[in-house]
Amino acid sequence: MSIQVQALTKVYGEQKAVDGISFTAGPGVLGFLGPNGAGKSTTMKILTCFIPQTAGIASVCGFDVISQALEVRRHIGYLPESNPLYLDMYVKESLAFIAGIHKIHEPASRITNVIEQTGLGPEQHKKIGQLSKGYRQRVGLAQAIIHNPDVLILDEPTSGLDPNQLIGIRQLITELGQTKTIILSTHIMQEVEAVCNKVIIINKGKIVADDTLPGLLNKNGNHTLEQIFITLTGN
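Residues numbered from 1 in each chain as written. Predicted model: local features only at pLDDT ≥ 70, side-chain atom pairs only at ≥ 80, totals over all residues. Heavy atoms only, no water.

## Considerations on the overall build of the protein
Operational definition: Starting at the N terminus, helices and strands are each numbered in turn, a helix being any DSSP run of H or I of at least four residues and a strand any DSSP run of E of at least two. Within these notes, the globule rule equals 2.2 Å times the number of residues to the 0.38 power, and the radius of gyration is based on C-alpha atoms. Residues count as neighbours in contact if any of their non-hydrogen atoms are within 4.5 Å of one another. Every accessible area reported is derived by Shrake-Rupley at a probe size of 1.4 Å, with residue values counting cover from the shown protein chains alone. In this tally, Lys and Arg are treated as positive and Asp and Glu as negative; His is ignored, and so are the chain termini. Every charge is mapped onto a representative atom, which is NZ of Lys, CZ of Arg, CG of Asp or CD of Glu.
Regarding its fold elements, the protein presents nine helices and 10 strands. The globule rule puts the C-alpha radius of gyration for 235 residues at 18 Å, and the 18 Å found for the protein is close to it. Along the first, second and third principal axes, the C-alpha set of the protein runs to 50 × 40 × 30 Å. In the protein, the proportion of contacts linking residues at least 24 apart, taken out of those at least 6 apart, comes to 66%. Counting every atom, the protein has about 11,200 Å² of accessible surface; 51% of that belongs to carbon and sulfur. When the 20 positive and 20 negative side-chain charges of the protein are each reduced to one mean point, those points stand 4 Å apart.

What follows is the structure, encoded as structure tokens:
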């Protein structure tokens, strides 16, 4: 499995943001769902080596997130919810900067491919600060995949996209999920139904569902994913 998490816990003061969760993820798209404050972003920040866990073990592609953080970062692409970008950089310039950090061989051809993949062609010569929110999301996604990582962690990747852009990004995520392990955090249930083959629902720091999407629907009387989510997290 590309991602392995065992008894992962994160404590802030007296609050357990993540409370002893365990799960695995392999190639495909895993929908990581939960209400605000459930522990989703904290878990993703631990997996991407932004913050350390309080207890438990997490590994990415066989590398421990604490003792082998540099190797984890080489194998992972991360699009955080805040999507921090250098607004004064041009699109191609920013991708060249990230490619340089990752020491990518033949960066020019890789940048061209990623621009085509993410639909940034019409905007590639603009400054990021001139782009709409939707195109900024595309730049963030392009930066996350520029080094062709084995694992992608996407926190609300379709935020701010119009319906046409949404279809393109969903298609890209589906294609990437054929060979990569993707954790997709979103509040949009239709998105999960469109691209995810496995679902984890977390509530108050604990996992309350971990199943394939068909399996989850079948176990819950074929209710909609939205109904299941409300039932499991509404207390």
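Once you've had a look at it, read on.
## Some words on the side chain of Glu123
Counting through the fold element by element, Glu123 comes out in the loop between α4 (107–117) and α5 (133–145). Those residues in contact with Glu123, other than ones at most four positions away along the chain, are Val91, Leu131 and Tyr135.

## Overview of the packing of α5 against helix α6 (residues 163–176)
Applicable threshold: All axes here are fitted lines through C-alpha atoms, helices being fitted over the stretch that makes contact, and every angle between N-to-C directions spans 0 to 180 degrees. Throughout, the term roughly parallel applies to angles under 35 degrees, roughly antiparallel to angles over 145, roughly perpendicular to angles from 65 to 115, and oblique to all others. Crossing handedness is defined as follows: a turn of the near helix away from the far one that is anticlockwise and smaller than a right angle gives a left-handed crossing, while the clockwise case is right-handed. Residues were grouped as follows: Ala, Val, Leu, Ile, Met, Phe, Trp, Tyr, Cys and Pro as nonpolar; Asp, Glu, Lys and Arg as charged; and all remaining residues, including Gly, as polar.
Where α5 meets α6, the closest approach of the two axes is 11 Å, and the angle between their N-to-C directions is 15°. Between α5 and α6, the angle is such that the two are roughly parallel. Read as a crossing pair, α5 and α6 show a hand that is left-handed. Between α5, through Gly134, Tyr135, Arg138, Leu141 and Ile145, and α6, the contact on the second element is made entirely by Gln165, Ile169, Leu172 and Leu176. Of the residues that constitute the contact of α5 with α6, the class distribution is six nonpolar, two polar and one charged.

## Quick look at α5
Condition: Given a helix with a known number of residues, its expected span is that number minus one, times 1.5 Å. Three labels apply to residues, based on accessible area from a 1.4 Å probe with only protein chains included: buried if under 20% of the type maximum, exposed if over 50%, partly exposed otherwise in between.
Between the first and last C-alpha of α5 there are 19 Å, a value that for 13 residues agrees with the 18 Å anticipated at 1.5 Å per step. Most of α5 sits out of view: 11 of its 13 residues are buried. Those residues of α5 not exposed but buried are Gly134, Tyr135, Gln137, Arg138, Val139, Gly140, Leu141, Ala142, Gln143, Ala144 and Ile145. Packed against the buried residues of α5 are β6 (76–79), α3 (91–101), α4, β7 (151–155) and α6.

## Some words on the UniProt feature "domain: ABC transporter" (unreviewed entry) in the protein
Note the following rule: UniProt positions are given in the numbering used here, feature names are shortened, and annotations may be inferred rather than shown by experiment.
UniProt annotation of "domain: ABC transporter" (unreviewed entry) refers to residues 3–229 when read in the numbering used here. Secondary structure across residues 3–229 comprises 37% helix and 27% strand; the distance between its end C-alpha atoms is 24 Å.

## Remarks on unusual backbone geometry
Its identity is not glycine, yet Cys49 carries a phi of approximately 70°, on the positive side. In this structure, Cys49 sits in the loop between α1 (40–47) and β4 (55–60).

## Observations regarding the state of the cysteines
A covalent bond between the sulfur atoms of two cysteines is what we call a disulfide. As a reminder of what qualifies: Put simply, a disulfide is two cysteine sulfurs that come within 2.5 Å.
Applying the stated criterion across every chain, the model contains zero disulfides. Free of any disulfide, Cys196 has its nearest cysteine sulfur in Cys61, 19 Å distant. Since its relative accessible area comes to 7%, Cys196 is described here as buried.

## Considering the environment of His223
Its location among the elements puts His223 in the loop between α8 (213–219) and α9 (225–233). Classification of His223 as partly exposed rests on a relative accessible area of 44%. Each C-alpha atom of the pair His223 and Ser109 lies 46 Å from the other, and the pair is 114 residues apart in sequence. Setting aside residues no more than four positions away along its own chain, His223 makes contact with Leu217 and Ile228.

## Remarks on the environment of Ile57
Among the secondary structure elements, Ile57 is positioned in strand β4. Ile57 sits 52 residues away from Val5 along the chain, and the two C-alpha atoms are 5.8 Å apart. Look past the residues within four positions of Ile57 in its chain and what remains in contact with it is Gln4, Val5, Gln6, Leu8 and Asp64.

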